[in-house]
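This is what each chain is made of:
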Amino acid sequence: LIFSTAVFAIGDDFTAYSQFSNMDVCACSTVQDTITITNTGDFTDAFTLYTQWDVDAILSDDFFVLEPGKSKVVTNLITLPCDKTAKQDLQVVIETDSGLKKTIEQNINPKKCNNNNFKFENGNSFTNEPCSTTRYDLIVENNGTYPETFNLGVENFPEENVKFTK
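It should be emphasised that the depicted structure is a prediction, and the values quoted were computed from it without experimental measurement.

**Looking at the pattern of salt bridges**
Tallying each qualifying case throughout the model produces three salt bridges. Across the pair lysine 72 and aspartate 61 runs a salt bridge, and its minimum N-O distance is 3.3 Å. Highlighted residues: lysine 72 in strand S7 (residues 71-80) and aspartate 61 in the loop between strand S5 (57-59) and strand S6 (63-66), separated in sequence by 11 residues. With a relative accessible area of 25%, lysine 72 lands in the partly exposed category. One salt bridge connects aspartate 89 with lysine 87, and the closest N-O pair in it is separated by 2.9 Å. On the accessibility criterion, aspartate 89 (48% relative accessible area) is partly exposed.

Printed below as a string of structure tokens:
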């Protein structure tokens with residue numbers, strides 16, 4: 001007598017990946033990431049997503065249902081406050097209704113980005129006579145997405161010889 005047995009596993013599984021594992025993010029700005037979740041299990045499942053981090057991370061969808069083999073792309077908008085200067089760890093947790101849980105871990109690297117543009121109104125070429133008054137019209141632009149304070153000064157000149165006007 002010969003017996004043959006086949007075992008088939010029916011289960012709950014999924015894959016999840018992010019566009020980035022490391023992100024360089026300007027302080028005071030928002031970046032967009034995408035997360036793709038694919039149901040690789042054998043039955044339709046409901047998925048719940050949430051973030052674990054101490055700043056704003058907004059998911060475009062935090063609950064959805066996927067049939068086997070189907071995928072969903074979720075947008076994650078990550079806003080980094082102006083005062084964050086140390087590396088941050090962001091976790092996006094994905095759970096199924098049947099209890100399977102996976103976590104995407106990302107490193108958020110804050111950086112101080114240049115959000116200004118300085119230029120002289122009449123170009124960068126000047127002709128001035130020695131010991132004479134010369135006017136420089138400087139245009140300061142904030143091309144960032146947040147308010148900024150600019151301090152202007154002149155080095156190596158006595159303060160009484162320099163005048164700033166708005």
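**Remarks on the layout of surface pockets**
For the largest pocket, the calculated volume is near 1000 Å³. Around the largest pocket, the lining comprises 21 residues; the ones closest to its centre are Tyr136, Val154, Val162, Lys163 and Phe164.

**Here we look at the nonpolar core**
Grouped burial of nonpolar side chains is what soluble globular proteins tend to show. Counting residues in each nonpolar core, the largest one holds 12 residues, listed as Phe14, Ile35, Ile37, Phe47, Leu49, Leu59, Phe64, Leu66, Val74, Val92, Ile94 and Ile104. Setting aside anything within four residues of it in sequence, one finds phenylalanine 14 in contact with Ile37, Thr38, Asn39, Thr40, Phe47, Ile94, Thr96, Leu100 and Lys102. Judged by nonpolar contacts, the second largest core, of eight residues, contains Met23, Ala57, Ile78 and Leu80.

**Overview of a nonpolar patch on the surface**
On the surface, Phe118, Phe120, Tyr136, Leu138, Val140, Leu152, Val154, Phe157 and Phe164 cluster together into a nonpolar patch covering about 810 Å² of accessible area. Elements with a minimum of two residues in the nonpolar patch: strand S10 (116-120) and strand S11 (138-142). Checked against the element boundaries, leucine 138 lands in strand S11. Taking the relative accessible area as the measure of exposure, leucine 138 reaches 37% and is therefore partly exposed.

**What about the packing of aromatic side chains?**
Across all of its chains, the model carries two aromatic pairs by this definition. With centroids separated by 5.3 Å and ring planes inclined at 90°, the aromatic side chains of phenylalanine 14 and phenylalanine 47 adopt a geometry described as edge-to-face. With phenylalanine 14 in strand S1 (residues 14-18) and phenylalanine 47 in strand S4 (residues 45-52), this pair connects stretches of sequence that are 33 residues apart. Neither phenylalanine 14 nor phenylalanine 47 differs from the other in exposure class; each is buried. Where phenylalanine 47 meets phenylalanine 64, the ring centres are 5.7 Å apart and the plane angle is 20°; that geometry is what we call stacked. With phenylalanine 47 in strand S4 and phenylalanine 64 in strand S6, this residue pair connects regions lying 17 residues apart in the sequence. Of the residues examined, phenylalanine 47 reaches a relative accessible area of 0% and is grouped as buried. Grouped by ring-pair contacts, the aromatic residues Phe14, Phe47 and Phe64 constitute a single cluster. Lying over the aromatic face of phenylalanine 64, lysine 72 brings its terminal NZ or CZ to 5.9 Å of the ring centre.

**What to know about the sheet that holds S6**
Read across the open sheet, the five strands follow the order S2-S9-S8-S4-S6; overall the sheet is mixed. Two strands in the sheet have a free side with no partner beyond their single neighbour: strand S2 (22-26) and S6. Looking at each pair of strands side by side, their axes are set apart by 30° on average, direction ignored. Inspection of the sheet shows S4 paired to S6 by four bridges, in the antiparallel sense. Along S6, the bridge assignment pairs alanine 46 with valine 65.

Scoring rules and cut-offs
- The numbering scheme is per chain: residues are counted from 1 as the chain's sequence reads.
- The predicted nature of this model means local features are confined to residues of pLDDT at least 70 and side-chain atom pairs, given and counted, to a pLDDT of 80 or more, with totals for whole chains, interfaces and linings taken over all residues.
- Side-chain figures throughout are based on the complete set of non-hydrogen atoms in the structure, without hydrogens or water.
- For this document, the term salt bridge refers to a Lys or Arg side-chain nitrogen within 4 Å of an Asp or Glu carboxyl oxygen.
- Numbering goes from the N terminus for both helices and strands, where a helix is a DSSP run of H or I of at least four residues and a strand is a run of E of at least two.
- The classification of residues rests on relative accessible area computed with a 1.4 Å probe and restricted to protein chains. Under 20% of the type maximum is buried, over 50% is exposed, and intermediate values are partly exposed.
- Of the two site types, the cavity is a set of points on a 1 Å grid over the protein atoms alone where a 1.4 Å probe fits but cannot get out, and the pocket is an open set with protein on both sides within 12 Å along at least five of seven lines, each lined by residues with an atom within 4 Å of a point.
- Grid points are joined across faces, edges and corners, and a volume is the space filled by probe spheres set on the points.
- For our purposes a nonpolar core is just a set of buried Ala, Val, Leu, Ile, Met, Phe, Trp, Tyr and Cys residues, chained together by side-chain atoms within 4.5 Å.
- Contact between two residues is taken to exist if any of their heavy atoms lie within 4.5 Å; hydrogens are not considered.
- Exposure above 30% relative accessible area and no salt bridge define the residues that can form patches, which grow by joining like charges within 9 Å and nonpolar side chains of Val, Leu, Ile, Met, Phe, Trp and Tyr within 5 Å.
- Surface exposure here means Shrake-Rupley accessible area, sampled with a 1.4 Å probe, where a residue is shielded only by the protein chains that are shown.
- Note on ring pairs: Phe, Tyr and Trp rings are taken, using the six-membered ring of Trp, and paired if centres are within 6.5 Å. Classes follow the plane angle, with under 30 degrees stacked, over 60 edge-to-face and the rest tilted.
- A positively charged side chain is recorded as over a ring if its NZ (Lys) or CZ (Arg) lies within 6 Å of the ring centre. The angle to the ring normal must also be within 35 degrees.
- Two strands qualify as a pair provided DSSP detects at least 2 bridges between them.
- Where helices are involved, their axes are fitted lines through C-alpha atoms of the stretch in contact, as for all axes, and angles between N-to-C directions lie from 0 to 180°.

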